[in-house]
Number of protein chains: 2
Amino acid sequence: MGKKEAKDILLEMKNKAELMVDLAYSSVIYDNIELAEEVYELEDMVDELNDKLQKLVIRDAIARELEENEALAIIQLAYCAEAIADAAREIADVELRDIELHPIIRESVLESDEVLVKVKVLSSVLCDKKLGEIDLASNTGMWVIAIKRNGEWIYNVDKDTVIKEGDIIFARGAREGVEHFISIAEGREKNI
Amino acid sequence: MGKKEAKDILLEMKNKAELMVDLAYSSVIYDNIELAEEVYELEDMVDELNDKLQKLVIRDAIARELEENEALAIIQLAYCAEAIADAAREIADVELRDIELHPIIRESVLESDEVLVKVKVLSSVLCDKKLGEIDLASNTGMWVIAIKRNGEWIYNVDKDTVIKEGDIIFARGAREGVEHFISIAEGREKNI
């Protein structure tokens, strides 16, 4: 069915666009070119998904499987995800053009109620656990957005992703949860 | 100093743009026109902030208080926040044009790892507490994005916002934290 497929593509576009915004801001805050480059790659994927979705929606509209208004709404929602993805790419551009931002400006990206942190996992309760198993997000208010392991990046993090000692985790979440989260990752705190 | 002021405006733009995306998706999911209208009002505010920031940055660049590259980077970061705000307004448009989306498409907005929920606060541990006091975000992984109280909306929620019985809370967070959060708000669960 076209609707189910359209739904899946729209969901993937929305999730990728939001991940891109997080990665792009992280690239600026941590002066990390690799993260910025990943944003570019993700943008290509979002573009492709959008093309695919548009074709699908128009085909379904012609086949009368979708009402005209509904088809337009889906195209608009997809366009919005792509617009957010484009904005993320522009943020990544600030990093890629390697402009040395004044620390005060850099802080403005850091000082939201939500913050982005980078932490190295030491011997701790997180090691060899699946993210879904430890309910990190609901217990600490911090979301893992990406992991760097042995020089390789993992961006498609989900509940089945296993955390390993030595991982460098990029996470986003409530300012007040940061200290607790870092203590857990570094093994100083045993209770999640 | 111009840099401090530029930083504050950039931070406000970023926060407002992200709030707008949350409110816009909430308006679609909960078929709520008021939320969509609020997105429009916030967009005007973001536009004004952007105008103000651009003037400030150009003035500082002329006065040699900002380097040319740095001025361009600030303008670009602000432009990105505005682009995200514009995308949010387009999402709100889907609600305002009152298109009846197929439930399967509506779900695609709901089915992210992060979800948006709406809950009415009953007699519970949340009542008469400040958000900062209960560390809701770090304890449940759910963020309050807006509150409706006695028919009035509160969007500028922060750590000093006090929750009252009867409040309707819109929150965003980890799917796995939703049930716990709703139990707390409805008074069935006493431990946050």
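Scroll up for the structure.
What comes next is a walk through the structure. (Residues numbered from 1 in each chain as written. Chains lettered and ligands numbered in written order. Predicted model: local features only at pLDDT ≥ 70, side-chain atom pairs only at ≥ 80, totals over all residues. Heavy atoms only, no water.)

## Focus on the interface of chain B and chain A
Item 1. On the side of chain A, 52 residues touch chain B, which itself brings 52 residues to the contact.
Item 2. Buried surface at the junction of chain B and chain A, summed over both partners, amounts to about 4800 Å²; 65% is from carbon and sulfur atoms.
Item 3. Contact with chain A buries area across many residues of chain B, yet B:Lys7, B:Leu77 and B:Trp143 alone supply 13% of it, more than any other trio.
Item 4. At the junction of chain B with chain A, the criterion picks out zero salt bridges.
Item 5. For the interface between chain B and chain A, the tally reads four residue pairs in polar contact (both at pLDDT 80 or more).
Item 6. Mapped onto the side of chain B that touches chain A, the elements with two or more residues apiece are helix H1 (2-29), helix H3 (68-96), helix H4 (103-110), helix H6 (136-140) and strand E6 (168-174) of chain B. (Contact = heavy atoms within 4.5 Å. Buried area = accessible area lost by both parts, 1.4 Å probe. Salt bridge = Lys/Arg side-chain N within 4 Å of Asp/Glu carboxyl O. Polar contact = N/O pair within 3.5 Å; in protein donor to acceptor, adjacent residues only side chain to side chain. Helix = DSSP H or I, 4+ residues; strand = E, 2+ residues; numbered from the N terminus.)

## Examining helix H2 (residues 33-62) of chain A
Residue and element names in this part refer to chain A.
Item 1. Here H2 spans 44 Å end to end across 30 residues, near enough to the 44 Å set by a 1.5 Å rise per residue.
Item 2. Where H2 begins, the side chain of Asn32 points an oxygen toward the backbone nitrogen of Glu34, at a separation of 3.0 Å.
Item 3. Positioned one or two residues after H2, Arg64 has a phi angle of 60°, which is positive. (Expected span 1.5 Å × (residues − 1).)

## Details of the sheet that holds strand E1 (residues 114-120) of chain A
Residues and elements named next belong to chain A.
Item 1. Taken in spatial order, the four strands line up as E1-E4-E2-E3 in an open sheet, and their pairing is antiparallel. Whereas interior strands pair on both sides, the edge strands pair on one side only; in this sheet they are E1 and strand E3 (152-154). The mean angle between the axes of side-by-side strands here comes to 20°, regardless of whether they run parallel or antiparallel.
Item 2. Bridge count between E1 and strand E4 (residues 168-174): seven bridges; the pairing is antiparallel. Bridged to Leu116 within E4 is Arg172.
Item 3. Across the face of the sheet, helix H7 (residues 178-185) comes into contact with E1, strand E2 (142-149) and E4 while running at roughly 15° to E1. (Pairing = 2+ DSSP bridges. Axes fitted to C-alpha atoms, helices over the stretch in contact; angles between N-to-C directions.)

## Points about a nonpolar patch on the surface
Item 1. Together, A:Ile33, A:Tyr40 and A:Leu96 line one region of the surface with nonpolar side chains, adding up to about 220 Å² of accessible area.
Item 2. On the basis of relative accessible area, A:Ile33 is assigned to the partly exposed category, the value being 40%. (Patch = residues over 30% accessible without salt bridge, like charges linked within 9 Å, V, L, I, M, F, W, Y side chains within 5 Å. Areas by Shrake-Rupley, 256 points an atom, 1.4 Å probe, with all protein chains shown as cover. Buried < 20%, exposed > 50% of the residue type's maximum accessible area, 1.4 Å probe, protein only.)

## A word on the pairing of E6(B)
All names here are of chain B.
Item 1. For E6, the buried fraction is high: six of the seven residues fall into the buried class.
Item 2. The sheet contact formed by strand E3 (residues 142-149) and E6 spans six bridges and is antiparallel. Looking at the pairing, Trp143 lines up with Arg172 of E6.

## Digging into a negative patch on the surface
Item 1. A cluster of like negative charges, contributed by A:Glu37, A:Glu41, A:Asp44, A:Glu48 and A:Asp51, occupies part of the molecular surface.
Item 2. Secondary-structure assignment places A:Glu48 in helix H2. (Lys, Arg positive; Asp, Glu negative; His and termini not counted. Charge placed at Lys NZ, Arg CZ, Asp CG, Glu CD.)

## Comments concerning the side chain of A:Gln76
Item 1. Relative to the elements of secondary structure, A:Gln76 occurs in helix H3 (residues 68-96).
Item 2. A residue is classified by how much of its surface remains accessible, and A:Gln76, at 12% relative accessible area, is buried.
Item 3. Apart from residues lying up to four places away in sequence, A:Gln76 is in contact with B:Glu90, B:Asp93, B:Val94 and B:Arg97.

## What to know about the state of the cysteines
Item 1. Applying the stated rule across the entire model yields zero disulfides over all chains.
Item 2. A:Cys80 carries a free sulfur, and the closest cysteine sulfur to it, the one in B:Cys80, is 16 Å from it. (Disulfide = S-S within 2.5 Å.)

## Quick notes on the packing of helix H2 (residues 33-62) of chain B against H3(B)
Residues and elements named next belong to chain B.
Item 1. Taken N-terminus to C-terminus, the directions of H2 and H3 make an angle of 165°; their axes are 9 Å apart at the nearest point. As far as their axial angle goes, H3 and H2 are roughly antiparallel. Crossing angle aside, the handedness with which H2 passes H3 is left-handed.
Item 2. Taken together, the residues of the contact of H2 with H3 sort by class into 16 nonpolar, two polar and eight charged. (Parallel < 35°, antiparallel > 145°, perpendicular 65-115°, else oblique. Left-handed = near helix turned anticlockwise from the far one by under 90°. Nonpolar A, V, L, I, M, F, W, Y, C, P; charged D, E, K, R; others polar.)

## Focus: the relation of the copies chain B and chain A
Item 1. For the pair chain B and chain A, the best superposition has an RMSD of 0.0 Å and corresponds to a rotation of 180° with a translation of 0.0 Å parallel to the axis. The superposition operator between the copies reduces to a two-fold rotation axis. In terms of C-alpha distance to the rotation axis, chain B has B:Gly141 as its closest residue, with the C-alpha 2.0 Å off the axis.
Item 2. Looking at chain B, 100% of its interface residues are interface residues in chain A too, so the copies touch through the same face. (Least-squares fit on C-alpha atoms with pLDDT ≥ 70 in both.)

## Digging into the environment of A:Ile192
Residues and elements named next belong to chain A.
Item 1. Position of Ile192 relative to the elements: it lies in the segment after H7.
Item 2. Along the chain, Ile192 and Ile134 lie 58 residues apart, while their C-alpha atoms are 7.7 Å from each other.
Item 3. In contact with Ile192, not counting residues within four places along its chain, are Val125, Leu126, Ile134, Leu136, Asn139, Thr140, His180 and Ile184.

## Observations concerning unusual backbone geometry
It is generally the case that most residues other than glycine have a negative phi and that most peptide bonds are trans.
Item 1. One non-glycine residue, A:Asn150, adopts positive backbone phi at about 50°.
Item 2. Its location among the elements puts A:Asn150 in the loop between E2 and E3.

## Points about the nonpolar core
It is characteristic of soluble globular proteins that their nonpolar side chains tend to be buried jointly.
Item 1. Core analysis: the largest hydrophobic core is formed by 92 residues, its most contacted members being A:Met13, A:Leu23, A:Leu53, B:Met13, B:Leu23 and B:Leu53.
Item 2. Among the elements of the structure, helix H1 (2-29), H2, H3 and E2 of chain A together with H1, H2, H3 and E3 of chain B are those that each provide at least two residues to this core.
Item 3. Here B:Leu53 is in contact with B:Ala6, B:Ile9, B:Leu10, B:Met13, B:Ile74 and B:Ala78, once residues within four sequence places are set aside.
Item 4. By size, the runner-up hydrophobic cluster in this structure holds 21 residues, among which are B:Val121, B:Ile134, B:Met142 and B:Phe181. (Core = buried A, V, L, I, M, F, W, Y, C linked by side-chain atoms within 4.5 Å.)

## Thoughts on the sheet that holds E3(B)
Residue and element names in this part refer to chain B.
Item 1. Spatial ordering of the open sheet is given by E1-E6-E3-E4, a layout of four strands whose pairing is antiparallel. Of all the strands in the sheet, just strand E1 (114-120) and strand E4 (152-154) have a single pairing partner and so form its edges. Strand after strand, the sheet turns through a mean of 20° between neighbouring axes, direction not considered.
Item 2. Summarising the sheet, E3 and E4 pair through three bridges and their orientation is antiparallel. Across the sheet, residue Ile147 finds its bridge partner in E4, namely Ile154.
Item 3. The strands touched by helix H7 (residues 178-185) within the sheet are E1, E3 and E6, with E1 carrying the most contacts at an inclination of about 15°.

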